Amino acid sequence: MLAENGVPTIEDLAQVLPAPERLARGPVAIAECFQEIPCDPCYHSCLRRAIAPFADINERPRIDHEKCNGCGLCVNRCPGLAIFVVDQTYSDSEALVKLPYEFLPLPKPGDIVSAINRSGAAVGEARVVKVQSGKQMDGTNIVWLAVPQDLSMEVRHFKMEEVR
Amino acid sequence: MIACEICVIGGGPAGLMAALHAASLGASVVIIDRNDYLGGQLIKQTHRFFGSKEQRASERGVNISRELSFAVEEEENIKVLTAATALGYYKDGVVTVEKDERFLKIKPQKIIVATGGAEKTLPFPNNDLPGVYGAGAVQTLVNVYGVKPGQRVLMVGAGNIGVIVSYQLLQAGVEVAGIVEAAPRIGAYWVHAAKVVRAGVPIYTRHTIKGAWGEKEVEGATTVELDDQWRPIPGTEKDFDVDVICLSVGLSPLTEILWQAGCAMKYVPELSGYVPLRNVDMETSVPGIYIAGDAGGIEEASAAMMEGALAGLSAARALGYSASDFNSRRANILRELENLRSGPVGEKIRKGLKKVTLIERQEFRVLPLSSNF
Ligand SMILES: Cc1cc2nc3c(=O)[nH]c(=O)nc-3n(C[C@H](O)[C@H](O)[C@H](O)COP(=O)(O)OP(=O)(O)OC[C@H]3O[C@@H](n4cnc5c(N)ncnc54)[C@H](O)[C@@H]3O)c2cc1C
Ligand code: SF4
Ligand code: SF4
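Quantities reported herein were computed from a predicted structural model and do not represent experimental measurements.

## A closer look at the site of ligand 1
Residues and elements named next belong to chain B.
Here comes step 1: Neighbouring residues of ligand 1: 31 residues in total, closest Asp33, Gln41, His47, Ala86 and Asp294.
Here comes step 2: At 2.8 Å from an oxygen atom of ligand 1 is found a main-chain nitrogen or oxygen belonging to Asp294.
Here comes step 3: Between ligand 1 and Ser302 there is a distance of 3.2 Å, counted from an oxygen atom to a backbone nitrogen or oxygen.
Here comes step 4: Bound to the protein, ligand 1 loses 95% of the 1,000 Å² it would expose on its own.
Here comes step 5: Of all the secondary-structure elements, those providing two or more residues to the shell around ligand 1 are helix H1 (13–24), strand E4 (84–89), helix H4 (160–171) and helix H7 (301–318).
Here comes step 6: Here the shell around ligand 1 is composed, by residue class, of 12 nonpolar, 14 polar and five charged.
Here comes step 7: When residues of the shell around ligand 1 are sorted by domain, at least three fall in each of domain 1 (2–118 + 251–363) and domain 2 (121–247).

## Section: the interface of chain A and chain B
Here comes step 1: With 43 residues of chain A at the contact, the number on the chain B side is 36 residues.
Here comes step 2: With both sides pooled, the region where chain A packs onto chain B buries about 3,200 Å², and carbon together with sulfur makes up 55% of that total.
Here comes step 3: For the pair chain A and chain B, the number of links is three salt bridges.
Here comes step 4: Glu102(A) is paired through a salt bridge with Arg60(B); the nearest N and O atoms lie 3.2 Å apart.
Here comes step 5: Along the contact surface separating chain A from chain B lie 20 residue pairs in polar contact (both at pLDDT 80 or more).
Here comes step 6: Secondary-structure elements contributing two or more residues to the side of chain A that touches chain B are helix H1 (2–5), helix H4 (41–45), helix H5 (73–77) and strand E7 (157–159) of chain A.

## Details of the domain arrangement of chain B
Residue and element names in this part refer to chain B.
Here comes step 1: Domain parsing of chain B yields domain 1 (2–118 + 251–363) and domain 2 (121–247).
Here comes step 2: With centres defined by C-alpha atoms, the gap from domain 1 to domain 2 works out at 31 Å.
Here comes step 3: Taken residue by residue, the interface counts 10 residues in domain 1 and 13 residues in domain 2.
Here comes step 4: Both sides together, the interface formed by domain 1 and domain 2 hides about 940 Å², and carbon and sulfur atoms give 61% of it.

Conventions and cut-offs
For every chain, the first residue of its written sequence is number 1, and the numbers climb from 1 along that sequence. Each chain takes a letter, starting from A, and each ligand takes a number, starting from 1, following the order in which they are written. Local features in a predicted model are, by the rule used here, given only for residues with pLDDT of at least 70; side-chain atom pairs are given and counted only at 80 or more, and totals for whole chains, interfaces and linings are based on all residues. Only heavy atoms go into the side-chain values, all of them from the structure, while hydrogens and water stay out. We define proximity as follows: a residue is near a molecule or strand when any one of its heavy atoms falls within 4 Å of that partner. Definition of a polar contact: a pair of N or O atoms within 3.5 Å, with one able to donate and the other able to accept a hydrogen when the atoms are protein atoms, and with sequence-neighbouring residues admitted only if both atoms are side-chain atoms. Accessibility throughout is a Shrake-Rupley quantity obtained with a 1.4 Å probe, and a residue counts as covered only by protein chains that appear here. Counting from the N terminus, the helices are the DSSP runs of H or I reaching at least four residues and the strands are the DSSP runs of E reaching at least two. Only Asp, Glu, Lys and Arg are considered charged, only Ala, Val, Leu, Ile, Met, Phe, Trp, Tyr, Cys and Pro nonpolar, and every remaining residue, Gly among them, polar. Domain limits in this description derive from either an automatic procedure or a database domain assignment. By definition in these notes, contact holds between two residues if any of their heavy atoms fall within 4.5 Å. Reported buried area values correspond to the accessible surface (1.4 Å probe) lost by two parts on association, with both partners' losses combined. Salt bridges are identified by distance alone: a Lys or Arg side-chain nitrogen within 4 Å of an Asp or Glu carboxyl oxygen.

Structure, rendered in structure tokens:
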């Protein structure tokens, strides 16, 4: 459980996942932020107003998945690195997971990396599709991983030591 | 003897904001810090901060510190003395300071104490072996001097500091074998915890360190599980092959100067130690001595900055300075503070502050503007 080991449960995740119909329509953000803490940069970062205004700064983010186009601006601004964009329409066999990444070296497009789940365990392989970095990202890069469709809700990190 | 209107002791986020706000009303300020740089703890915080837009949330602590220090250097009403340690406070209102092996005396009309906190330690066998560090020391080594403390670390304490320092160690290429936490729950924000866990660092709640081993330096550590009464459960020992043990078991407010000045102090566990009584404007029981930031109770940089701003405004106001927007600025700061502390994680702080704030309800009291304005 999150409070005991830092890993969100299926029940936690069920509260924040977009509906399957929405996932079937393209990229969408998922805020895996489960605690009321004094923090609201995600709300201020979303130009499409897809994140509901916070009545008070401790509120948890609520993403209107219909308004969200998966642009990823919030992914870069979230200090908790808790927001991910998932695109299940990438191909028949693969989904894209766009995740925040603050380690060096950065991978290169085409690299095969080991795909890691929320408990830190390797669950398979992923292919790096794109790396968004640069000065305006201020150190929080966004890495696009192509993962097998059935892992799109599992993979939330990656390790490069297994680069081939 | 240096005469000044306001002396701010401590150049962390609280002290810097105090100086900026006091100077913005026109007061002359001397800010002293024992480090040879301004910024306090912020200089080591390479992660993005929580908080609201007004407190620069999502910015990295180190960048906030750079901006504030720059603003302070630019402000002509502020004189900065770094590598200067406040040694004592005397009855006649003189603050003594050591700088460059010289003894300085400062006679301010108002004092703002923003000295921050000191790390706590933990007793266990062999905790004196080289390789046992405080989390602050590890952070200074890694993020200020670019030195790795070792190859593989066991972190003790899963509060925000333990978890964030673990993350920063990973970023520096140091392995973190695990984080042990005696409490049944993770104290850090869960989003921080989740990011170190997926990066491969297990967090063991209800666990503590039983001892360190090694001949001349740390060669490993043994942990043990705890029962509901926090007693070690025999047979649950685990060995960790590590060369660094990093203690992150809390901070306590640095308050020597307040004791010397005779401020009324109270032990408040929720604020992590002995802290001064204060009113809503951050003035202690000794008129003219104000408090801000971790020195008044361990909290966060966001709150420290707002408290500093409030103390700075109050001290300058008490000297007769003001501005047409004084009341609205003050009200905004009070509202920010209330907002920050309003959620479930602020409950402890709210409880602690109730015990030391002389006017209980933090109403947005409107001060009469001084006649000369
Ligand atoms: C690892 C870590 C992570 C953190 N993460 C966050 C975060 O994400 N968000 C957040 O809001 N906060 C965070 N904080 C907390 C934040 O850094 C502190 O709450 C904040 O720095 C407190 O500010 P301060 O000005 O009260 O004290 P400090 O920053 O400690 O500054 C006090 C200053 O006073 C000086 N001083 C002390 N005694 C004397 C003396 N006698 N004479 C002269 N100078 C003296 C010290 O040298 C120091 O520079 C974190 C802290 C740590 C350690
Ligand atoms: S991905 Fe873009 S549109 Fe969607 S919530 Fe984040 S910032 Fe808003
Ligand atoms: S910015 Fe991130 S951590 Fe902060 S509230 Fe939004 S999702 Fe949660």
